[in-house]
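# Understanding the architecture of this molecule
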Amino acid sequence: MTDATLSAPPQVTSTTPLIAADGVPLKQKLARTTRRMKMRALFLTLPLVLFLIVSFVLPIGQMLYRSVHNPTGSNVMPNFAVQIENWDGQGLPSDDIIETFVKDMAAARKNREVGKTIGNLATRVNYEIPGSRSLFTKTARRADKITEGPYMAALIEIDKKWDNPNLWLTLQRVTKDFTISFYLAATDRKFDEAGSIVRADELYRIYLPILWKTIWLSALITALCFIIAYPVSYLLSTLPLRTSNLLMILVLLPFWTSLLVRTSAWIAMLQTEGIINNVFVYLGFIDDNQRIQMIYNMTGTVIAMVHILLPFMILPLFSVMKTIPPSYMRAARSMGASGTYSFRKVYFPQTVPGIAAGTLLVFILAIGYYITPALVGGNDGLLISNLIADHIKKTLNWSLGAALGTILLVVVLIFYWLYNKLVGVDNLKFG
Amino acid sequence: MSLAAEQTNNAAHEAHVRFENVQKSYDGEILVVKDLNLDIPAGEFLTMLGPSGSGKTTSLMMLAGFEPATHGEIYLGGQSINNVPPNKRGIGMVFQNYALFPHMSVAENLAFPLKVRKMGRAEIEEKVNRALAMVELPDMGGRRPAQLSGGQQQRVAVARALVFDPELILMDEPLGALDKQLREQMQYEIKHIHENLGVTVVYVTHDQAEALTMSDRIAVFEDGVIQQLSTPDDLYERPQNSFVAQFIGENNKLHGKVSKKSNGVCTVDLDGGGTVTADAINVGAAGDRTTLSLRPERVEIEPEQGSVPNILSGEIKELIYLGDHIRTRMSVAGNDEFIVKVPNNAGNIPLEEGATVRVGWMSEDCRALDPLAP
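### Digging into the overall build of chain B
Counting its regular elements, chain B contains 9 helices and 20 strands. Seen through its principal axes, chain B has C-alpha atoms that stretch 75 × 55 × 35 Å. Counting only residues that meet the buried cut, chain B has 49% of its 374 residues in that class. Restricting to contacts in chain B with at least 6 residues of sequence separation, those with at least 24 account for 66%. Taken as a whole, chain B presents about 17300 Å² of accessible surface, with 47% of it coming from carbon and sulfur. One way to put it: in chain B the 34 positive side-chain charges average out to a point 5 Å from where the 51 negative ones average out.

Written out as structure tokens, the structure is:
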């Protein structure tokens, strides 16, 4: 096309692009008119995108990074970290390296900067070799007295434990910035003294059992929620509007009450001197000295969490059931199917999207639940999230907390993927 | 056994479906169906016609078994079915929204009633294919209902109600969701299926044209009572009360007072002036009020002198050209909505709005009925 501004309308064939009345190609014209709409759409979603980046992408990235990155070793002993990196690991390190170690230690002892004190290093090494903390604090106190070689001999004089090649192998590992040792710890594994990966001693295997317990407790809570919610949702969806609205408020009322209040209410209900035990004793079901322990254990966690998560199951089920007209069941009945057969073959399959949404929602919420198990879980009702919180708040082993958190995230993603395979995410209906 | 009871029993045997003194109330305060008595012989196409809230759908639901009758008996093939659950009644049903199961294919939908009856796979396949062929959708078995057009879904719903060979089919406004053209086409198709299979059909609709097209007999419902039960032409030509006259077809109403009544013909003094004679169908004694019912196509403009006994003058208010006829709105005897359909004939006098002309009709085309509440 040589002249697009011809006054005569250009001939339209299958090969020439369509031209708008003012001679601009139609596609270009269309793009121009829709551009403003696209810009506006982008502008409107901008706050959400920013919010997601700040509140979601960055923290999770930070967590993933922290779970493998721990610079304590190189922060505390910068010079030693550089030298030990090239050590071949045979026997004991050379006296040059030990000299740097002793000088770094003496310097670190004077350092008061958070994250760079000898205490930080001692804690870090203690994760790898439990009980080694005092070795570092003791040695550091005397490090500035060692002024001349042989340095190794001087160290051994302070404590015989320094005469151990495996200790120096561990130090070589600890002074590297990137490590998988927190993932090993989170899955109850460790480096043995020779540096290969082994399972932790039986006494120290705590994370995997709690992770499994978290998964199956969440599954149990989800199943219980489903069993309770399905008939309730059915009732809600079939009752006349006024009655169903009233019942819906009863379902939502606890939802609007503070989580803490609800959890404490369960304590009042379930404790050994609580309402339920009192009623049982009064009715003579149990003896006064045989009161049932229903709280501060797994039972308490399950009861309270089923109660708290129930609305998340009822709401999607209800909204799906509401859209199923009664004529389907009537049609099935008119064709000769019994009530149960009609329910199984006609009604139930149509509620599957709601079941899928409800179970997914409850399961994912349950697997990461924190407050309720912390308050009513006691010791055997603790979930993985309580351990994560412990590491973040109490032991301050953030790297281990991050590794556990990442594993939890991966578990959720695996379940989501399984769900997608089984039900199809397109089939989820939240309302 | 008394004679009356024996007669009742005989009648119950002859009729395929029989409602006997059936009443229905949902709230214990209002009777939705008041004392329904209805016999439907085998093979009949009976339509329950009426405005919404007239009790027609409730009657159908009682027959299907989804609503229990508050009082009275319903018989199917001579057996009382009051205590028979819907799945044991063996009645095919087509629902207003078709109620095709969305999670099953068309073929699975059709196979549903056959699987319930534990038929063999080969037999099911044969019956499904035959049913699909009957509604002219032979290759649609693999599709989901959502992939079909409204008309196709409607056909599948009909096929599903028929596939297990029930002797009675109930249809609850099955064509309500279709556009006009498709609706008319489906009316003929359902009518032909009924004629070919010889099943009994009870059809519920509020569309009088649909009822007139399809039915052997029509039961006109209003206020929980059958106002008239008759053939389509009888309903149109000889409505028994002013509700039926009004509901079936177009109808001009003239109010007045009966001045004389003899031999089935009465003389009525119209409120708007003038005196006419009419067939006394449903009127009281002389002096009672009445409503005259007159079909628009039975009114003649400028009739020849002496050809018709009733002649009034009227002013032409509006002319609407409709091709085959001219719809003329006039003011006659105080009624501003008096409609006359003037056939589009070559020899017609040209009509003008505002002109005053004479209108006339035969006595037997004008029916004096109960006075409708003003």
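### Let's talk about the overall build of chain A
The number of helices and strands found in chain A is 19 helices and 2 strands. Over its C-alpha trace chain A gives a radius of gyration of 32 Å, far above what one expects of a compact globule, namely 22 Å for 431 residues. Over its C-alpha atoms, taken along the principal directions, chain A stretches across nearly 100 × 95 × 35 Å. The buried share among the 431 residues of chain A stands at 39%.

### A word on the sheet that holds strand 15 (residues 300–301) of chain B
Residue and element names in this part refer to chain B. Across the sheet, 5 strands lie side by side as 15-19-16-17-18; this open sheet has antiparallel pairing. Here the strands that pair on one side only, and so sit at the sheet edges, are strand 15 and strand 18 (335–343). Strand direction decides the pairing type here: strand 16 (residues 310–321) and strand 19 (residues 356–361), joined by 6 bridges, are antiparallel. Note on strand 19: the bridge partner recorded for Ser313 is Arg358.

### Here's the deal with the sheet that holds strand 3 (residues 45–49) of chain B
Residue and element names in this part refer to chain B. Strand order in the open sheet formed by 6 strands is 6-7-8-3-9-10, and the pairing between neighbours is mixed. What marks the edges here is a single partner per strand, and that holds for strand 6 (91–94) and strand 10 (225–230). Within the sheet, the average angular offset between the axes of one strand and its neighbour, ignoring direction, is 15°. Across the sheet, helix 5 (residues 150–162) lies against strand 6 and strand 7 (168–172), angled at about 170° from strand 6, the strand it touches most.

### Topic: the packing of helix 16 (residues 339–367) of chain A against helix 19 (residues 398–422) of chain A
Residues and elements named next belong to chain A. Running from N to C, helix 16 and helix 19 point in directions that differ by 170°, and their axes come no closer than 11 Å. One finds that helix 16 runs roughly antiparallel with respect to helix 19. Residues Ile355, Ala356, Thr359, Leu360, Phe363, Ile364 and Ile367 of helix 16 form the contact with helix 19, whose own contacting residues are Leu408, Val411, Val412, Phe415, Tyr416 and Tyr419. Partitioned by chemical class, the residues of the contact of helix 16 with helix 19 number 12 nonpolar, 1 polar and no charged.

### Description of the pairing of strand 13 (residues 275–280) of chain B
Residues and elements named next belong to chain B. One ladder, built from 5 bridges, connects strand 12 (residues 265–270) with strand 13; its direction is antiparallel. Bridge assignment links Thr267 to a residue of strand 13, and that residue is Thr277. Strand direction decides the pairing type here: strand 13 and strand 20 (residues 366–369), joined by 2 bridges, are parallel. When the sheet's bridge partners are listed, Asp279 is paired in strand 20 with Arg367.

### Concerning the domain arrangement of chain B
Under the domain assignment used here, chain B contains domain 1 (3–237) and domain 2 (252–369). One C-alpha centre belongs to domain 1 of chain B, the other to domain 2 of chain B; they are set 40 Å apart.

### Focus: helix 8 (residues 165–174) of chain A
All names here are of chain A. Of all 10 residues in helix 8, 7 are buried; the element is thus mostly enclosed. Of the positions making up helix 8, those classed as buried are Leu167, Trp168, Thr170, Leu171, Gln172, Arg173 and Val174. Two or three places before Asn166, at the start of helix 8, stands the capping residue Asn164, its side-chain oxygen 3.0 Å from that residue's backbone nitrogen.

### Observations regarding the interface of chain A and chain B
Taken together, the contact pairs 17 residues of chain A with 23 residues of chain B. Approximately 1700 Å² of surface area, both sides summed, lies buried where chain A meets chain B, with 66% of it carried by carbon and sulfur atoms. When the buried surface of chain A facing chain B is broken down by residue, A:Arg330, A:Ser334 and A:Met335 rank first, second and third, together holding 40% of it. If you look at where chain A meets chain B, you find 1 salt bridge. The salt bridge partner of B:Glu67 is A:Arg330, with a shortest N-O separation of 3.6 Å. At the junction of chain A and chain B, the tally comes to 4 residue pairs in polar contact (both at pLDDT 80 or more).

### Let's talk about the packing of aromatic side chains
Residue and element names in this part refer to chain B. As enumerated under the stated definition, the model contains 24 aromatic pairs over all chains in all. For the pair Phe66 and Phe95, a centre-to-centre distance of 6.3 Å together with 40° between the ring planes defines the contact as tilted. Highlighted residues: Phe66 in the loop between helix 2 (56–64) and strand 4 (71–76) and Phe95 in the loop between strand 6 and helix 3 (106–116), separated in sequence by 29 residues. Comparing Phe66 with Phe95, the two get one shared label, buried. Lys24 extends its terminal NZ or CZ atom over the ring of Tyr26, reaching a point 5.0 Å from the ring centre. Over the face of the ring belonging to Phe101 we find Arg160, whose NZ or CZ atom lies 4.6 Å from the ring centre.

### As for the pattern of salt bridges
Residues and elements named next belong to chain A. According to the stated counting rule, one finds 31 salt bridges over all chains in the structure shown. Residue Lys116 is joined to Glu113 by a salt bridge in which the shortest nitrogen-to-oxygen separation is 3.8 Å. For Lys116, a relative accessible area of 26% puts it in the partly exposed group. By sharing partners, the salt bridges in this structure join Arg124, Glu128 and Arg173 into a single network.

### What about empty space enclosed by the protein?
Counting across every chain of the model gives 2 cavities of 30 Å³ or more. Taken as a whole, the largest cavity holds about 50 Å³ of empty space. Every residue lining the largest cavity is listed: B:Val158, B:Leu162, B:Ile169, B:Met171, B:Ile190, B:Ile193, B:His194, B:Val199 and B:Val201. Of all the elements in the fold, those that place two or more residues in the lining of the largest cavity are helix 5, strand 7 and helix 6 (180–197) of chain B. At 3 residues, helix 6 of chain B tops the list of elements feeding residues into the lining of the largest cavity. Looking at side-chain class alone, the lining of the largest cavity contains 8 nonpolar, 1 polar and no charged residues. There is about 40 Å³ of room inside the second largest cavity. A:Ala186, A:Tyr207, A:Leu208, A:Leu211, A:Ile384, A:Leu404, A:Ile407 and A:Leu408 together form the lining of the second largest cavity. Elements with a minimum of two residues in the lining of the second largest cavity: helix 10 (207–238) and helix 19 of chain A.

Definitions and cut-offs
- The numbering scheme is per chain: residues are counted from 1 as the chain's sequence reads.
- Each chain takes a letter, starting from A, and each ligand takes a number, starting from 1, following the order in which they are written.
- This being a predicted model, a pLDDT of at least 70 is required before a residue's local features are given, and a value of 80 or more before pairs of side-chain atoms are given or counted; all residues contribute to the totals for chains, interfaces and linings.
- Processing note: side-chain calculations cover all non-hydrogen atoms of the structure and skip hydrogens and water entirely.
- Numbered from the N terminus, helices here are DSSP runs of H or I no shorter than four residues, and strands are runs of E no shorter than two.
- Accessibility here uses a 1.4 Å probe with only protein chains present; expressed as a share of the type maximum, an area under 20% marks a residue as buried, one over 50% as exposed, and anything in between as partly exposed.
- Contacts are assigned to residue pairs that have any heavy atoms within 4.5 Å of one another.
- All accessible areas in this document rest on Shrake-Rupley with a 1.4 Å probe, and a residue is counted as covered only by the protein chains that are shown.
- Lys and Arg are tallied as positive, Asp and Glu as negative. Neither His nor the chain termini are counted.
- Lys charges are placed at NZ, Arg charges at CZ, Asp charges at CG and Glu charges at CD.
- For this measure, only C-alpha atoms enter the radius of gyration; the expected value for a globule follows 2.2 Å times N^0.38, where N is the number of residues.
- We treat two strands as partners when DSSP finds at least two bridges between them.
- In this analysis an axis means a line fitted to C-alpha atoms, helices contributing only their contacting stretch, and an angle means the value between N-to-C directions, from 0 to 180 degrees.
- In what follows, roughly perpendicular refers to angles from 65 to 115 degrees, roughly parallel to angles under 35, roughly antiparallel to angles over 145, and oblique to any angle outside these ranges.
- We call Asp, Glu, Lys and Arg charged. Ala, Val, Leu, Ile, Met, Phe, Trp, Tyr, Cys and Pro are nonpolar, and the rest, Gly among them, are polar.
- Boundaries of every domain are those given by an automatic assignment or by a domain database.
- Polar contact is defined as a pair of N or O atoms within 3.5 Å, subject to the rule that within protein one atom must be able to donate a hydrogen and the other to accept it, and that residues adjacent in sequence are counted only when both atoms are side-chain atoms.
- Take the accessible area each of two parts loses on contact, using a 1.4 Å probe, and add the two losses: that sum is the buried area.
- For this analysis, a salt bridge means a side-chain nitrogen from Lys or Arg found within 4 Å of a carboxyl oxygen belonging to Asp or Glu.
- In this analysis, rings of Phe, Tyr and Trp, with Trp reduced to its six-membered ring, are considered paired at centre separations within 6.5 Å, and the interplanar angle assigns stacked below 30 degrees, edge-to-face beyond 60, and tilted for intermediate values.
- We call a charge positioned above a ring when the Lys NZ or Arg CZ atom is no farther than 6 Å from the ring centre and deviates by at most 35 degrees from the ring normal.
- With a 1 Å grid spanning the protein atoms alone, the term cavity applies to any set of points in which a 1.4 Å probe fits but cannot get out, the term pocket to an open set with protein on both sides within 12 Å along at least five of seven lines, and the term lining residue to any residue with an atom within 4 Å of a point.
- Grid points are joined across faces, edges and corners, and a volume is the space filled by probe spheres set on the points.

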